[in-house]
Every structure is written in C-alpha cells, then in structure tokens.
Amino acid sequence: MRILSVGELLWDVFGEREFLGGAPLNFSVAAQRLGNPTFMLTGVGADRLGTQAVESMKAFSLTTGLVQIVPDSPTGIAKVTTDASGNANFTIPRPAAFDYVHLDAQRLNAIHNMSPDWLCFGTLAQTNPQIEGNVQKLVALMPEMKCFYDINLREGHWDLPLVQRLSGMASIVKLNESEAEILFALTCAPRPYSLEEFCRHWSSSYDIDLVCITLGSQGCAIWADWKLDRYAGYAVQVVDTVGAGDAFSAALLHGIQLEWPLERVAAFANALGAIVASRAGATPAWTADEC
C-alpha cells in the first residue's frame, strides 16, 4: 500500500521540550513503520526547526521529496498542555509554512507517478483554501485513489462546511466520540444523539464506506455494512495522548488494506494507540510485534 499524506508538519512544544509532530506527520511515521511506503506533502520554514524536521523525517525513513521549503514563513509549532488524564490541548499559531504548499504541474506529475493507493488528510491544514484546493486537485488527478479522512477537530481550526466537503471525498472517516457529538448537534438537532445514529447519518450523507470512532481507553466503534460494533481497548498508564490517535489511524488503515477481519483490525489499532499513549511524544519508538 502506497500512501500520500497531506497537511501540517509542526513541532509539539511541551515547555522546554520539542517533539516533531502534526497529525499527518505522526500518521506518516506510523504508516511507514508498518511497512507502507508513505509520502508527505507539506511545508517547513528555512529555519532551525525546518532543518531539524527534514532530518528527523529522514531518520524515520520518510521520503522528503515533497517537503517544500517556504523561506518567508516559520515552521509550524503547537504549544501543548496536558490535563491530569494526559489529554492534550493545543495552541497553533497560523499562518505557518505548511499553509503555503504549492502544487504546480511538475509536482502533480511526480505525485501521479508515485501511484498512491490512499490519500490521507485531516482538517486543520485545509482551513487554508489553498491546501484544500491541493487536496481537490489530487482527488481529481487520481480518481482511483481512495481517501482516508481523520476529522481531528482543533479549536479555531475548523468549520462545518469544510468538514462536510472533506467527508464527501472520503471512503473512510475516523473521529472521536466528542467530535461525533459536536457534528451530530450541528447537523441533526433536535434528534436524540447516539453513536449509531451519528454513523448512520454521516455515512449515508457522504457515501462513506466505514466510520471509526475512537473511545479512549474504552477502545473504538466501527460502522460498516450498516451496523455498529464496539471493540474493547487496552488499559495503560497514560503519559500523554499526543499522536496516539494518529498511530491508531495508521494501524486501522493498514489492517483494512490487508482485508483483515474488523475484529483483528480494531484490536491492532487499539493496541498501537495505547502503546503510543503510554510513551512520551507523538512518535515514540515501538514495533508492530508489540501490538
């Protein structure tokens, strides 16, 4: 499986500590580590953090040919604070270098020649119309390519029409239960909320094959073939949750592409998400054998 990941590359800043991150980068690292060639389309500044980001990507065995250097914009950062349960809150200054990725004919041709099976994206970077336009160009260029959309709502970095447009391009959508409740309230009120009702509504509205809702320590729920099944999670001592959902997404897509039974897919994704949550930083060391 060949994957094209589009979106933000930034540094998660915990006080004095800096960890390379951004949901698309975290996802790309996990997908590559699982044996799937993954290419990331993003931008970094001509600064210390940009140089370190490119070197770190190489260390993760990620190809950097689609990383654009944006001279007049800083490499993205996210100032992270965590609560007593390890849940993260983010402050993300914009614009940043990842907001200025440009797709000319040469780059589009290079991406087309890579023949990606999946295009993976979130919401944050697409709040910039230029980046959303890039995603639309890629979908139009390669209609046989499927889309995986991790909704991943960040306060101040999303709006409902954008989420609806991106959902309309996706074969698979992943989100957490809090996000499902928010989107249901905005689109289905005053109907009573349930996870099943949200999945039925969202999948039918946007012709989505599979909807996955993460439930924290309780595991996940997967809507497929017009039914919802829940799969238990794993108890771990949480260090921080940054990157756990992104690793989960990579494991989920990996198992689905291999046509594993959904029970096995969910167990694998839940295990990898728990492992990452039990370790510091968004891209800690792990191996698939641990899952």
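As a reminder, the structure under discussion sits directly above these lines.
Residues numbered from 1 in each chain as written. Predicted model: local features only at pLDDT ≥ 70, side-chain atom pairs only at ≥ 80, totals over all residues. Heavy atoms only, no water.

(A) Representation of the layout of surface pockets. By volume, the second largest pocket is sized at about 210 Å³. Every residue lining the second largest pocket is listed: Trp118, Lys146, Ser171, Ile172, Asp209, Leu210, Ala224, Asp225, Lys227, Ile256 and Leu262. For the lining of the second largest pocket, the per-class residue count stands at six nonpolar, one polar and four charged. (1 Å grid on protein atoms, 1.4 Å probe; cavity = no way out; pocket = protein on both sides within 12 Å on 5 of 7 lines; lining within 4 Å. Points joined across faces, edges and corners; volume = space filled by probe spheres on them. Nonpolar A, V, L, I, M, F, W, Y, C, P; charged D, E, K, R; others polar.)

(B) Examining the pattern of salt bridges more closely. For the coordinates displayed, the defined rule picks out eleven salt bridges. Two residues, Glu18 and Arg48, come together in a salt bridge whose shortest N-O distance is 3.2 Å. Placement of the pair is Glu18 in strand E3 (residues 17-21) and Arg48 in helix H2 (residues 48-59), with a sequence separation of 30 residues. Judged by its relative accessible area of 34%, Glu18 is partly exposed. Here Arg48 falls in the partly exposed class, since its relative accessible area comes to 48%. Residues Arg200 and Glu197 are paired through a salt bridge, measuring 2.6 Å at the closest nitrogen-oxygen approach. Taken together, the residues Arg200 and Glu197, both in helix H7 (residues 195-206) and three residues apart, mark about one turn of the helix. Arg200 gets classed as partly exposed once you look at its relative accessible area, which sits at 29%. Relative accessible area serves as the criterion here: at 28%, Glu197 is assigned to the partly exposed category. (Salt bridge = Lys/Arg side-chain N within 4 Å of Asp/Glu carboxyl O. Helix = DSSP H or I, 4+ residues; strand = E, 2+ residues; numbered from the N terminus. Buried < 20%, exposed > 50% of the residue type's maximum accessible area, 1.4 Å probe, protein only.)

(C) Expanded view of empty space enclosed by the protein. Scanning the entire structure with this criterion turns up three cavities of 30 Å³ or more. Each pocket or cavity is described by its volume, and for the largest cavity that value is around 110 Å³. Looking at the largest cavity, the residues that line it are Ser5, Val6, Ala23, Pro24, Phe27, Cys120, Phe121, Gly122, Phe148, Asp150, Asp246 and Ser249. Those elements that provide at least two residues to the lining of the largest cavity are strand E1 (3-6), helix H1 (23-33), strand E8 (118-121), strand E9 (146-150) and helix H8 (244-257). Sort the elements by how many residues they give to the lining of the largest cavity and H1 lands first, with three residues. Grouping the amino acids of the lining of the largest cavity by side-chain chemistry returns seven nonpolar, three polar and two charged. In this structure, the second largest cavity encloses a volume near 50 Å³. Lining of the second largest cavity is provided by Asn26, Val29, Ala30, Arg33, Gly243, Ala247, Val276, Ala282, Thr283, Pro284 and Trp286. For the lining of the second largest cavity, the class distribution of residues is seven nonpolar, three polar and one charged.

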